[in-house]
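# Report on the structure
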Amino acid sequence: KDTTATSVTDSAVTANQTKTYTIRCIDKNGNTVSGYNSKGWSKKYAPVAPKISKLTNTSKGVSVTWGKVAGVYGYRLYRKYDGGSWTKVKDTTAASYTDSGAKKGKKVTYTLRCIDKNGKTISGYNSKGWSKKYTPVAPTITKLENNYNGIRITWNKIAGVYGYRLYKKTSNGGWKRFKDTTATSFIDKNISAGKTETYTIRCIDKNGNTVSGFNSKGWSKKFVATTPQISGFENTSGGVKIKWDKNPCVYGYRVYQK
């Protein structure tokens, strides 16, 4: 390296490697203008403990991001809760990981060590760690579809929660709860053709307590009744009997012939 500074970082190193360095002066044309220490100075590279740079609540859990450490194969992520001990979460070669095992409503603390390709730890770690209270994020409704039986509502799964509570906007602009479920979709059959319905959703625990916020604007869909499909015919003494599936969201049907 040629530089005008008084320090440089050699990132082309590997863990436990010893390198020897020396240095001499140069002019602006790159010509050397001093001697150098032929013996040099040596240093064994011991990776420093990784530092977590960001903890973020996401739909899949707590996202943990850290700075890369030169010359290492990967990292070992640990977690603990207040009063507990460090537990290994994941070995990874990436510089981030989303912990879907974080307990909702709890302060969770993370730390990291460097590892080699054999899974051996080769650095220290921050014993204090970095902490975050895992609060489930509000679910996002990803799809509203006109279904033969009503409007099918689909949303993303949120890590660490028991279930979900669906709400429908009322005529006065408020929200009315209408369904608790552990699934990630539901068909709202209590609707009328041509009417626009607006929905929102939040997470709940097993006791029915809400454990997340919600999108106050919601997501809207106009219900358009699907085309009826004739399912069969039957010759009867009175003539031809025509049969179709019942649509619970309409008043009735109009039958045509040609």
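Read on for an overview of the structure. The written sequence of each chain sets the order in which its residues are numbered from 1. Only residues with pLDDT of at least 70 are given local features in this predicted model, and only at 80 or more are side-chain atom pairs given and counted; all residues enter the totals for whole chains, interfaces and linings. Based on all heavy atoms of the structure, the side-chain values leave hydrogens and waters out of the count.

Here a salt bridge means any side-chain nitrogen of Lys or Arg lying within 4 Å of a carboxyl oxygen belonging to Asp or Glu. Under the criterion given, the structure shown has 10 salt bridges. A salt bridge links D82 to K107; the shortest N-O distance between them is 3.5 Å. Residue D82 is found in the loop between β5 (74-81) and β6 (87-92), and its partner K107 is found in strand β8 (residues 107-115); the two are separated by 25 residues along the sequence. Note on exposure labels: buried denotes an accessible area under 20% of the residue type's maximum, exposed denotes more than 50%, and partly exposed covers the range between, all computed with a 1.4 Å probe on protein chains only. Judged by its relative accessible area of 60%, D82 is exposed. Close ionic contact of K168 with D188 constitutes a salt bridge, the shortest N to O distance being 2.7 Å. Within this pair, whereas K168 is found in strand β12 (residues 163-169), its partner D188 is found in strand β14 (residues 185-188), the two being separated by 20 residues in sequence. A residue is classified by how much of its surface remains accessible, and K168, at 12% relative accessible area, is buried. The way it works is that DSSP assigns letters per residue, a run of H or I at least four long becomes a helix, a run of E at least two long becomes a strand, and they are numbered from the N terminus.

Further remarks concern the sheet that holds β12. In this description, strands pair whenever DSSP reports at least two bridges between them. Strand order in the open sheet made by the 4 strands is β13-β12-β15-β16, with antiparallel pairing throughout. The sheet is open, and its two edges are formed by β13 (175-181) and β16 (219-222), each paired on a single side. In this sheet, adjacent strand axes meet at a mean angle of 30° when their direction is disregarded. Strand direction decides the pairing type here: β12 and β13, joined by 6 bridges, are antiparallel. Bridge pairing in β13 links R165 to D180. Between N-to-C directions, angles cover 0 to 180 degrees, with each direction set by a line fitted to C-alpha atoms, over the stretch in contact for helices.

So, on to unusual backbone geometry. The phi angle of most residues is negative, glycine excepted, and most peptide bonds adopt the trans form. Despite not being glycine, N16 shows a phi value in the positive range, around 65°. Within the fold, N16 resides in the segment before β1 (18-21). Look at N16 and you get partly exposed, because its relative accessible area is 45%.

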